[in-house]
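Close look at the chain arrangement
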Amino acid sequence: MGVTLATISLVLGAVDAITTHVGLRGGRLAESNPAALWLYRRLPLPIFIVMFALASGILSLGLLQLLGPEAQAGFVAVGVLPPLWNTWLILRSRTRG
């Protein structure tokens, strides 16, 4: 179960990075996380996406080891929110023209 949740977390991290890129690429949206913005401006896009994904997977496995499967499941559940928020903002910015 731990590896499955870590894999889901890894995928969610990649989706978060991709939606961040799509939002920032248009120029209408801003990144609220200064560390993510700093990395986005300095890294090539594939490395940025892989780094986000790996960080999310590693954090998920770390929580599993430190606090147990409940903490890992909570981390994965909360990890769904950033890509959803990014997607909502992207769609909202496109419909407002």
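For the structure itself, consult the block above.
All of these numbers come straight from a predicted model, not from anything done at the bench. (Residues numbered from 1 in each chain as written. Predicted model: local features only at pLDDT ≥ 70, side-chain atom pairs only at ≥ 80, totals over all residues. Heavy atoms only, no water.)

1. What to know about the environment of V78
Checked against the element boundaries, V78 lands in helix 4 (residues 69-79). Looking at V78, the relative accessible area reads 52%, which means it is exposed. (Helix = DSSP H or I, 4+ residues; strand = E, 2+ residues; numbered from the N terminus. Buried < 20%, exposed > 50% of the residue type's maximum accessible area, 1.4 Å probe, protein only.)

2. A look at the side chain of D16
If you trace the backbone, D16 turns up in helix 1 (residues 2-25). A polar contact of 3.0 Å, which involves the side chain of D16, links it to the side chain of N86. Contacts of D16, omitting those with residues within four sequence positions, involve F52, P82, P83 and N86. (Polar contact = N/O pair within 3.5 Å; in protein donor to acceptor, adjacent residues only side chain to side chain. Contact = heavy atoms within 4.5 Å.)

3. With respect to the nonpolar core
Membership of the largest hydrophobic core is limited to 10 residues, which are A14, A17, L24, A36, L37, Y40, F48, I49, F52 and A53. Of all the elements in the fold, those that place two or more residues in this core are helix 1, helix 2 (34-42) and helix 3 (45-67). When residues of this core are assigned to their parent elements, the largest contribution, four residues, is made by helix 3. (Core = buried A, V, L, I, M, F, W, Y, C linked by side-chain atoms within 4.5 Å.)

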